[in-house]
Amino acid sequence: MTFSFGLPARLTRAAATGLGTAAVVLATTALAAPAALAAPVPGAAGAAFGAAAEDPYARVVLGTSLGWNAVTVDLGGAPRPAGLTVHVRVPGSDTRLATVTEFPYGGKPVAGKVLPLQSAALKLAELGNYALDLEYKDAHGAPVLRKDLGRLTYQVRPWLSEVGPVGGSVSLDSLRTAVKGRLTATDPRDGQEVPLAGTAVKVDFTGDALPAEPVKTGADGRFVLPHAFAGTETTTEFTVSYRSVPAEQTVSASGKVWSSNRYPEIRLDSPTELTARHGSTAKVAGTVLRKAWKGADEPELVTVPGISVLVSTGYCPTAGCAPQQRLQVVKTDAKGRFSLSRKVLEDGTWMVGFDPALPANPWVYPDPVAKRIEVTATARTAFEDYRARQRSDGKVTVSGKLALYEGPALPPASAKVKVQFSANGRTGWTTVSSFGTPYGKAFTHTVPGRGAGYWRLKFTGTTAGDEPIPGAVSAKLPLGAVRGA
């Protein structure tokens, strides 16, 4: 017997609403009771509870353990009543098909909640949906019957088996693979396992942003879906799933295509020793390459696009750099190239390697040994906090400080600063006055005014032994003429 996507031949339209779905992982769902609770029906031996609110079992929920074709009883935390019985009935009639009095499963506390009671698998004549009635004894021993408290979905029990990749592992040199599997179902009436033919299942590759790929099963329930990786995915795991619309049940099975890592390396364009003035910008560039076997006896070098390169200060362990160590992360372009610029602010070592803080990559196994660039920052001077103010008597007062970065350990005691004036701010700069000031100390100096024009400060540089101290020029500040001066 073979099940198709529609209903099996033995399944009557009156009793059935559809087939179940196949899975290795099978969702278990308790079906909710009707919105309006059924009124209690007193038994022959006595009266029922007078008000539903007084009955601790007024809100019991009956349902189905999907795939196991068993009845579940959710008591809502109330103790198990005496004479607990569930009747399976054809909807719209009083004909009972089965009576369940034993619930060997469930009823245990898990994570602060009590699991619903569950019966053993039922044996009924036909597949379909059936009404569930609850019967129990009240506190006085009188039987109480509550009808239509749930629904039993009696269906085939589906399975996904033989799920896995076809062929060997994938790599950046061999990105094509296929996923196979088989979709079958066990009929609860006779225990026979049959294929679900012509059924659409979906294969979702976890590391791919594209939608899941559908594939239909063959006559024997088997399917094969070819797939080509891009080589940029973060994982090669996949999930096969199938959703049965009538039963609203999703089943799935997961797997993984094994991958062979390649070992990339970084080749720097930049020299391994870099000397630059403090505050200037230095460029770090290079290419990420790997060995590729393309049928030849010897591998050839090819570029690796889309891989993250990290520039850090000092050694970064596998667990990742400390936050203050991470300078910049950049990805290689389509040609495997990377380039970044960093300001040189101190002597030290820049490590150029692969970012160990990123997730594992199924395609490449980065070389843990980073490239070293020894950085030397040379001295720099700069005028900071520079101000120029014109006084009421026409004189000009300049203030600020001359900072020295990465200078010699024993710089000269003072630096000679020139105060210069230009009428247009472009040419004709003349020195109005000069004065000495210690490095890094605030100064204030007043000079005679020159009318409307621009003012700036200039330090021509000097030496400390064999070490040069470069010069600096401040910004130019405009000042107008003072009337009557």
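Residues numbered from 1 in each chain as written. Predicted model: local features only at pLDDT ≥ 70, side-chain atom pairs only at ≥ 80, totals over all residues. Heavy atoms only, no water.

## Re the overall build of the protein
Phase 1 of the analysis: Check the secondary structure of the protein and you find 0 helices and 38 strands.
Phase 2 of the analysis: Counting over 485 residues, the protein shows a buried share of 42%.
Phase 3 of the analysis: Across the protein, the fraction of contacts at a sequence separation of at least 24, relative to all contacts at a separation of at least 6, is 63%.
Phase 4 of the analysis: Surface exposure of the protein reaches about 25,200 Å², of which carbon and sulfur atoms provide 53%. (Helix = DSSP H or I, 4+ residues; strand = E, 2+ residues; numbered from the N terminus. Buried < 20%, exposed > 50% of the residue type's maximum accessible area, 1.4 Å probe, protein only. Contact = heavy atoms within 4.5 Å. Areas by Shrake-Rupley, 256 points an atom, 1.4 Å probe, with all protein chains shown as cover.)

## So, the sheet that holds strand β9 (residues 117–118)
Picture the strands of a sheet paired through backbone hydrogen bonds; they go either parallel or antiparallel.
Phase 1 of the analysis: The strand order across the open sheet built from 3 strands is β3-β4-β9, with neighbouring strands paired in antiparallel fashion. In the strand order of this sheet, the two ends are held by β3 (61–65) and β9, each with one partner.
Phase 2 of the analysis: Relative to strand β4 (residues 70–74), β3 is paired through 5 bridges, and the arrangement is antiparallel. Following the sheet pairing, Val-61 is matched in β4 by Asp-74. (Pairing = 2+ DSSP bridges.)

## Some details on the pattern of salt bridges
Phase 1 of the analysis: Here the structure, examined in full by the defined rule, presents 13 salt bridges.
Phase 2 of the analysis: Between Arg-372 and Glu-374 there is a salt bridge, with its nearest N and O atoms 3.1 Å apart.
Phase 3 of the analysis: In the salt-bridge network here, residues are joined through shared partners; they are Arg-89, Asp-133 and Asp-148. (Salt bridge = Lys/Arg side-chain N within 4 Å of Asp/Glu carboxyl O.)

## So, the side chain of Arg-456
Phase 1 of the analysis: Considering the arrangement of structural elements, one finds Arg-456 in strand β34 (residues 453–459).
Phase 2 of the analysis: It is Glu-384 that comes nearest to the buried, bridge-free Arg-456 among opposite-charge side chains, at 18 Å.
Phase 3 of the analysis: Within the structure, the side chain of Arg-456 is placed 2.7 Å from the side chain of Gln-420, a separation counted as a polar contact.
Phase 4 of the analysis: Discounting residues that sit within four places of it in the chain, Arg-456 has contacts with Tyr-386, Lys-418, Val-419, Gln-420, Trp-429, Val-473, Ser-474, Ala-475 and Lys-476. (Lys, Arg positive; Asp, Glu negative; His and termini not counted. Polar contact = N/O pair within 3.5 Å; in protein donor to acceptor, adjacent residues only side chain to side chain.)

## Topic: the sheet that holds strand β25 (residues 326–331)
Phase 1 of the analysis: A sheet is described by the order of its strands in space; here 5 strands give the open sequence β21-β28-β27-β24-β25, paired in mixed fashion. Of all strands in the sheet, those with a lone pairing partner are β21 (273–277) and β25, marking the two edges. Across the sheet, the axes of successive neighbouring strands diverge by a mean angle of 25 degrees, strand direction being ignored.
Phase 2 of the analysis: Note: strand β24 (residues 308–313) against β25, 5 bridges, orientation antiparallel. In the sheet register, Ser-308 faces β25, and the bridge partner there is Lys-331. (Axes fitted to C-alpha atoms, helices over the stretch in contact; angles between N-to-C directions.)

## A look at the confidence of the model for the protein
Phase 1 of the analysis: Overall, the predicted model of the protein reaches an average pLDDT of 82, with 82% of residues at or above 70.
Phase 2 of the analysis: Confidence drops under pLDDT 50 across residues 1–39; counting only partners more than four residues distant or on other chains, this segment forms 117 contacts. (pLDDT = per-residue confidence, 0-100.)

## Here we look at the nonpolar core
Phase 1 of the analysis: In this structure, Val-73, Val-86 and Leu-152 are the most contacted members of the largest nonpolar core, which totals 67 residues.
Phase 2 of the analysis: In contact with Val-73, not counting residues within four places along its chain, are Val-60, Val-61, Leu-62, Val-86, Phe-103, Pro-116 and Leu-117.
Phase 3 of the analysis: Grouped together as the second largest cluster of nonpolar side chains are 22 residues, Phe-435, Phe-443, Trp-455 and Leu-479 included. (Core = buried A, V, L, I, M, F, W, Y, C linked by side-chain atoms within 4.5 Å.)

## Concerning the pairing of strand β15 (residues 200–205)
Phase 1 of the analysis: Along β15, the buried face is formed by Val-201, Val-203 and Phe-205; none of Ala-200, Lys-202 and Asp-204, which line the opposite face, is buried.
Phase 2 of the analysis: As judged from the 4 bridges shared by β15 and strand β16 (residues 213–216), these two strands associate in the antiparallel manner. Across the sheet, the residue bridging to Val-203 is Glu-213, located in β16.
Phase 3 of the analysis: In this sheet, strand β18 (residues 237–244) lies alongside β15 in antiparallel orientation, the contact comprising 4 bridges.

## A word on the packing of aromatic side chains
Phase 1 of the analysis: For the structure on display, the rule yields 7 aromatic pairs.
Phase 2 of the analysis: Among the aromatic residues, ring-to-ring pairing joins Phe-205, Phe-229, Phe-238 and Trp-363 into one connected group.
Phase 3 of the analysis: Above the plane of the ring of Trp-429 lies Arg-456, whose end atom (NZ or CZ) is 4.2 Å from the centre. (Phe/Tyr/Trp six-rings, centres within 6.5 Å; stacked < 30°, edge-to-face > 60°. Lys NZ or Arg CZ within 6 Å of the ring centre and 35° of its normal.)

## Remarks on the environment of Val-302
Phase 1 of the analysis: Summarising the element assignment, Val-302 is placed in strand β23 (residues 300–303).
Phase 2 of the analysis: The spatial distance from the C-alpha of Val-302 to the C-alpha of Pro-264 is 9.4 Å, given a sequence separation of 38 residues.

## A look at the pairing of strand β33 (residues 442–447)
Phase 1 of the analysis: Alternating residues of β33 divide into Phe-443, His-445 and Val-447, all buried, and Ala-442, Thr-444 and Thr-446, none buried.
Phase 2 of the analysis: With 6 bridges joining them, strand β30 (residues 396–405) and β33 adopt antiparallel strand pairing. Residue pairing for β33: Lys-401 is matched across the bridge by Ala-442.

## Brief notes about unusual backbone geometry
Phase 1 of the analysis: Here Asp-385, not a glycine, exhibits a phi torsion of approximately 55 degrees, which is positive.
Phase 2 of the analysis: Judged by its relative accessible area of 55%, Asp-385 falls in the exposed class.
Phase 3 of the analysis: A positive phi is found at Glu-406, a non-glycine position, where the angle reads about 50 degrees.
Phase 4 of the analysis: Inspection of the secondary structure puts Glu-406 in the loop between β30 and β31 (415–422).

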